[in-house]
Amino acid sequence: MTMSDDHPFRLDRRAVLAGIASTLFAPAIARAADDSTTGSKPAETKGEIARSDEKASDAPPQLAGDYAKERHAFRTDLLSKGPAPDIYEPLATPSTADRLFYRSGVGDELELVAWVSRYTRSLKPKPAVLFLHGGNAIGQGHWQLMKPYIDAGYVIMIPSMRGENGQRGNFSGFYDEVADVLAASNRLRHLPGVDPHRLFLAGHSIGGTLAMLTAMSTKRFRAVAPISGNPDAYAFFGRYPQDIRFNTMNPREFQMRSPLCYAHSFKSPIKLFHGTEEAHFDSRLALLSKRATAAGVKMEMATVPGSHNSALPGEIEQSIEFFRSVAV
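Scoring rules and cut-offs
Residues numbered from 1 in each chain as written. Predicted model: local features only at pLDDT ≥ 70, side-chain atom pairs only at ≥ 80, totals over all residues. Heavy atoms only, no water. Buried < 20%, exposed > 50% of the residue type's maximum accessible area, 1.4 Å probe, protein only. Helix = DSSP H or I, 4+ residues; strand = E, 2+ residues; numbered from the N terminus. Pairing = 2+ DSSP bridges. Axes fitted to C-alpha atoms, helices over the stretch in contact; angles between N-to-C directions. Parallel < 35°, antiparallel > 145°, perpendicular 65-115°, else oblique. Contact = heavy atoms within 4.5 Å. Nonpolar A, V, L, I, M, F, W, Y, C, P; charged D, E, K, R; others polar. Salt bridge = Lys/Arg side-chain N within 4 Å of Asp/Glu carboxyl O.

(A) Representation of the pairing of strand β9 (residues 270–275). Here β9 lies mainly inside the structure; 6 of its 6 residues are buried. Residues I270, L272 and H274 point to one face of β9 and K271, F273 and G275 to the other, with burial holding for every one of them. Note: strand β8 (residues 223–227) against β9, 2 bridges, orientation parallel. Note that in β9 the partner of I227 across the bridge is F273. Bridge count between β9 and strand β10 (residues 299–304): 6 bridges; the pairing is parallel.

(B) Summary view of unusual backbone geometry. Despite not being glycine, D108 has its phi angle at roughly 55°, a positive value. Of the residues examined, D108 reaches a relative accessible area of 43% and is grouped as partly exposed. Phi is positive for N165, close to 50°, though the residue is something other than glycine. Structurally, the position occupied by N165 is in the loop between β6 (155–159) and α6 (176–189).

(C) Broad picture of the packing of α6 against helix α7 (residues 206–215). Contact geometry of α6 with α7 gives a least axis separation of 9 Å together with a crossing angle of 75°. In this view, α6 runs roughly perpendicular relative to α7, as classed from their interaxial angle. In this structure, α6 uses E177, V178, V181 and L182 to contact α7, whose residues at the interface are L210, L213 and T214. Tallied by class, residues from the contact of α6 with α7 come to 5 nonpolar, 1 polar and 1 charged.

(D) The pattern of salt bridges, seen in detail. Counting across every chain of the model gives 11 salt bridges. Close ionic contact of R252 with E70 constitutes a salt bridge, the shortest N to O distance being 3.0 Å. Pair noted here: R252 is in helix α9 (residues 251–255) and E70 is in helix α3 (residues 67–73), with a separation of 182 residues, a long-range link. What makes E70 partly exposed here is its relative accessible area of 25%. The shortest N-O distance in the salt bridge between D98 and R118 comes to 2.9 Å. Of this pair, D98 sits in strand β3 (residues 97–104) while R118 sits in the loop between β4 (110–117) and β5 (126–132), and the two are 20 residues apart along the sequence. Salt bridges sharing common partners tie together D58, D232 and R284.

(E) Structural detail: the pairing of β4. Counting buried positions along β4 gives 7 out of 8 residues, so the element sits mostly inside the fold. Strand direction decides the pairing type here: β3 and β4, joined by 8 bridges, are antiparallel. Looking at β4, one finds that Y102 is bridged to L112. Counting the residues that bridge the hairpin from β3 to β4 gives 5 residues, and of these G105 lies at a positive phi of roughly 85°. In this sheet, β6 lies alongside β4 in antiparallel orientation, the contact comprising 3 bridges. Within β6, the residue paired with V116 across the bridge is M157.

(F) Representation of the environment of S122 in the model. If you trace the backbone, S122 turns up in the loop between β4 and β5. Using a relative accessible area of 42% as the deciding quantity, one classes S122 as partly exposed. In this structure the C-alpha to C-alpha distance between S122 and V194, which are 72 residues apart in sequence, comes to 9.5 Å.

(G) Representation of the environment of A327. Within the fold, A327 resides in the segment after α11 (312–326). Between the C-alpha atom of A327 and that of A223, which follows or precedes it by 104 residues, the distance is 8.4 Å. Contacts of A327, omitting those with residues within four sequence positions, involve F200 and R222.

(H) Quick peek at the sheet that holds β8. Across the sheet, 8 strands lie side by side as β3-β4-β6-β5-β7-β8-β9-β10; this open sheet has mixed pairing. The sheet terminates laterally at β3 and β10, the two strands that pair on one side only. Neighbour-to-neighbour, the strand axes of the sheet open up by a mean angle of 25°, direction not taken into account. Strand contacts of α6: β3, β4, β5, β6 and β7 (194–204), with the helix running at about 125° to β3, the strand carrying the most contacts. Contacts from α11 reach β5, β7, β8, β9 and β10, with the element oriented near 165° to β8.

Set out below in structure tokens:
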């Protein structure tokens, strides 16, 4: 792929996440992720579990094996290496946040930026939320959305990912970025005054999908709230093939990016959120819930009035209620 394929991105590729940022806060920097249609998927492979009465014949296969263990055995094959595909703004730290760094990648070779809310240490450690931003770049508008969490008493961290905002590392699209989320969560839970037993995970859009994949990779989180995340990589990359950097001839590349394939692997209570105007998510999220709950996962679903962007404030408020209910 040429440089012209990898860097300039037209705004009509995807609705801009800052549809909400421009309405509520300001700078638009990230693309909203998932008003997707289903693309063609590679042939299914060995290890699939029979899908019994599932009517969605084009659904990603349900696979045997634990996702976390499968991650240890799999390495993505990136045919095109380079930065994350979104236009970005400078990594200026918001006025109400502190900037810190966390290490990720093989041998911790990547030093990535995260923003953390300011807080005062107390005798009782504070709960914390790791929030995964929408799109493939981080910006001031994302931080503005975090105020309800901060007002509710949570320490908030928003990490940037490899290749974002001019940082080092190769964008992989829903795979190596999971390692960044795990590394960021480890940094957050070891911050002074943070309660590692009340660590929560949330994310919107692309961050919602990453939250699902991360929740299948560790038992670290007390509860998880993916918001408008697409659990089907076949559908996502069918809609946005220009985001593909991996070898599409290998079906495992899609499967390891699809929470639907490993729905039994969630390791924390989880509540899936999406807007009432995001009907394209209904069938896939319902199937994810069906597969997960059949395996004993504690999973709920909720729709909140609004679109991919306009529902987000309500979804954040409801995620706070969910976290509180789990941590009683």
